[in-house]
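For reference, the chains in residue letters:
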Amino acid sequence: MQQVAAEAEELSLAERAYRAIRDRLVMLEIRPGAPINEEQLGQSLGVGRTPVREALKRLQYERLITTYPRRGTFATEVNITDLAHISEVRLELEPLAAAQAARRATAADRANLTALRTELEDGGLGRDPAELMRLDLRVHRAVYTATHNPYLEDTLVRHDNLATRIWCLFVDRLSGMAGHVEEHGPLIAAIVAGDADRGARLARSHVEGFERAVREAI
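**Let's talk about the side chain of His140**
Argument step 1. Tracing the sequence through the fold places His140 in helix H6 (residues 129-146).
Argument step 2. Using a relative accessible area of 4% as the deciding quantity, one classes His140 as buried.
Argument step 3. Each residue touching His140, except ones within four places of it in the same chain, is listed here: Arg90, Glu94, Asp160, His184 and His206.

Below, the structure is given as structure tokens:
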């Protein structure tokens, strides 16, 4: 029993490390191309090297870090040429996620989404760019969770993370960022109301607007 408990604790530490490192990479708190130091990450998170190593394995699969033989592990560069590929996937799957969330969201899902919409309306858009991006991530992840399709959720979280890295890279040149995040209000309303068709249309428009805004900023 002690071994099982120890393994469960290790898994929870690995998950905690994964989420923390992932979001540092997504928000560019760990800059593109920066070396990844397992020991320093473990110390900053208060976990041992084993959970950090488990987290890094997942993050390499998700294209957030890369390892070079004899050189080490680094945060992946943000390559603007990836934008078209990422958008191609999101244009198909974001509308599907919004529609499925509208059909399948539980009462708890709808309450969470409604709370996020209230946060958007109650000063959420007056925050600094980093806080806006974190709010944007929370909305997207809440929608994906509400689909109750773990495969769709995992795929979209990975691609939204990559899109957010691009967004963060150009945030200083982007105008109308608050408006982009504000678009989530009507999308959330459609999902909470169970309007799958409207949710899908708004989600597709949101992705198109993101790609257009980034390309205008280049």
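**Points about the packing of aromatic side chains**
Any pair of aromatic rings gets described here by the distance separating the centres and the angle formed by the planes.
Argument step 1. Applying the stated criterion across every chain yields a total of two aromatic pairs.
Argument step 2. Seen from their ring centres, Tyr68 and Phe74 are 5.9 Å apart, and the 55 degrees between their planes marks the pair as tilted.
Argument step 3. Arranged with centres 5.1 Å apart and planes meeting at 35 degrees, the rings of Trp167 and Phe210 form a pair that is tilted. On the criterion of sequence distance, the pair formed by Trp167 in helix H7 (residues 150-169) and Phe210 in helix H10 (residues 196-217) is long-range, its members being 43 residues apart. Considered together, Trp167 and Phe210 belong to a single accessibility category, that of buried residues.
Argument step 4. Above the face of the Tyr18 ring, Arg58 is positioned so that its terminal group lies 3.6 Å from the ring centre.
Argument step 5. A cation over an aromatic ring shows up here: Arg71 above the ring of Tyr68, its NZ or CZ 4.6 Å from the ring centre.

**Quick notes on the pattern of salt bridges**
Argument step 1. Scanning the entire structure with this criterion turns up 14 salt bridges.
Argument step 2. Residues Arg19 and Glu15 are paired through a salt bridge, measuring 2.7 Å at the closest nitrogen-oxygen approach. One end of the pair is Arg19 and the other is Glu15, both in helix H1 (residues 2-26) and four residues apart, which spans about a single turn.
Argument step 3. With relative accessibility at 48%, the residue Arg19 sits in the partly exposed group.

What counts and what doesn't
- Residues numbered from 1 in each chain as written.
- Predicted model: local features only at pLDDT ≥ 70, side-chain atom pairs only at ≥ 80, totals over all residues.
- Heavy atoms only, no water.
- Helix = DSSP H or I, 4+ residues; strand = E, 2+ residues; numbered from the N terminus.
- Buried < 20%, exposed > 50% of the residue type's maximum accessible area, 1.4 Å probe, protein only.
- Contact = heavy atoms within 4.5 Å.
- Phe/Tyr/Trp six-rings, centres within 6.5 Å; stacked < 30°, edge-to-face > 60°.
- Lys NZ or Arg CZ within 6 Å of the ring centre and 35° of its normal.
- Salt bridge = Lys/Arg side-chain N within 4 Å of Asp/Glu carboxyl O.

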